[in-house]
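For reference, the chains in residue letters:
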Amino acid sequence: MNAQIKSVLETMRSTYEAKSFEELCAVSWIEEEPIQLGSRTYRPAVWAELLHDGHVLLVVQLSRSFLGFGTTESIGLKCSPSGERVPVDAEWLMNEVGHP
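What you see is a predicted model; the values in this text were computed from it and never measured. (Residues numbered from 1 in each chain as written. Predicted model: local features only at pLDDT ≥ 70, side-chain atom pairs only at ≥ 80, totals over all residues. Heavy atoms only, no water.)

### Observations regarding the overall build of the chain
Turning to step 1, where the next piece is worked out: Across its full length, the chain holds three helices and six strands.
Turning to step 2, where the next piece is worked out: Each helix and strand of the chain, ordered N terminal to C terminal, gives the series α-α-β-β-β-β-β-β-α.
Turning to step 3, where the next piece is worked out: For 100 residues, the compact-globule estimate of 2.2 N^0.38 gives 13 Å, and the chain sits close to it at 14 Å.
Turning to step 4, where the next piece is worked out: With respect to the principal axes defined by its C-alpha atoms, the chain has extents near 40 × 25 × 25 Å.
Turning to step 5, where the next piece is worked out: Residues classed as buried in the chain amount to 33% of the 100 residues present.
Turning to step 6, where the next piece is worked out: In the chain, 41% of the contacts between residues at least 6 apart in sequence involve partners at least 24 apart.
Turning to step 7, where the next piece is worked out: Summed over all atoms, the accessible surface of the chain reaches about 6000 Å², with 52% contributed by carbon and sulfur.
Turning to step 8, where the next piece is worked out: Of note, the chain has its 8 positive side-chain charges centred 6 Å away from the centre of its 14 negative side-chain charges. (Helix = DSSP H or I, 4+ residues; strand = E, 2+ residues; numbered from the N terminus. Rg over C-alpha atoms; globule rule 2.2 N^0.38 Å. Buried < 20%, exposed > 50% of the residue type's maximum accessible area, 1.4 Å probe, protein only. Contact = heavy atoms within 4.5 Å. Areas by Shrake-Rupley, 256 points an atom, 1.4 Å probe, with all protein chains shown as cover. Lys, Arg positive; Asp, Glu negative; His and termini not counted. Charge placed at Lys NZ, Arg CZ, Asp CG, Glu CD.)

### With respect to the nonpolar core
Turning to step 1, where the next piece is worked out: Within the largest apolar cluster, 18 residues are counted, with the highest numbers of intra-cluster contacts made by L9, V46, L58 and L62.
Turning to step 2, where the next piece is worked out: Element by element, the count of residues in this core is highest for strand β4 (residues 56–66), at four residues.
Turning to step 3, where the next piece is worked out: Not counting the four nearest positions on each side in its chain, L58 is found in contact with Y16, L24, V27, V46, W47, A48, I75, G76 and L77.
Turning to step 4, where the next piece is worked out: Ranked by size, the runner-up nonpolar core spans six residues in total, among them L51, L57, V59 and V88. (Core = buried A, V, L, I, M, F, W, Y, C linked by side-chain atoms within 4.5 Å.)

### Digging into the pairing of β4
Turning to step 1, where the next piece is worked out: Burial within β4 is extensive, with eight of its 11 residues counted as buried.
Turning to step 2, where the next piece is worked out: Pairing geometry for strand β3 (residues 40–50) and β4, over eight bridges, is antiparallel. When the sheet's bridge partners are listed, A48 is paired in β4 with L58.
Turning to step 3, where the next piece is worked out: Where β3 hands over to β4, the hairpin turn is made up of five residues, of which G54 adopts a positive phi near 90°. (Pairing = 2+ DSSP bridges.)

### Quick notes on the state of the cysteines
Turning to step 1, where the next piece is worked out: Under the counting rule described, the total for this entry stands at zero disulfides.
Turning to step 2, where the next piece is worked out: In this structure C25 is not part of a disulfide, and its nearest cysteine sulfur, from C79, lies 7.7 Å away.
Turning to step 3, where the next piece is worked out: The class of C79 is buried, set by a relative accessible area of 0%. (Disulfide = S-S within 2.5 Å.)

So, in C-alpha cells, the structure goes:
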C-alpha cells in the first residue's frame, strides 16, 4: 500500500474512532464520493460487521477498477463492547476475517 493511500485510509478511519461501540455497530455500507489520487479514481467506502467474539469491526476502503479488474485497499478498527479499540491493517483483515 502506498503512503498516499494509507494516509487517506487513516484519515477516513480517524473520523470513526470517537464513535461508541453502539454507533459503530449501526454502521452499514456507506459509499462516499469518488476521489482522485494522482491519475486514478478511487471509490471510498466504510462498513462494519459484528464479529463472532462480540467485537465490532469497522473497515474503511478505497476501491478502483479498470477494464473489469479491480483492487481494494483497506484498513480497519476492532472495537470491544467495553470500548477498547485496536487498529487493524489489510494483512490482519485477510488473515482473520478473510476479506478486506
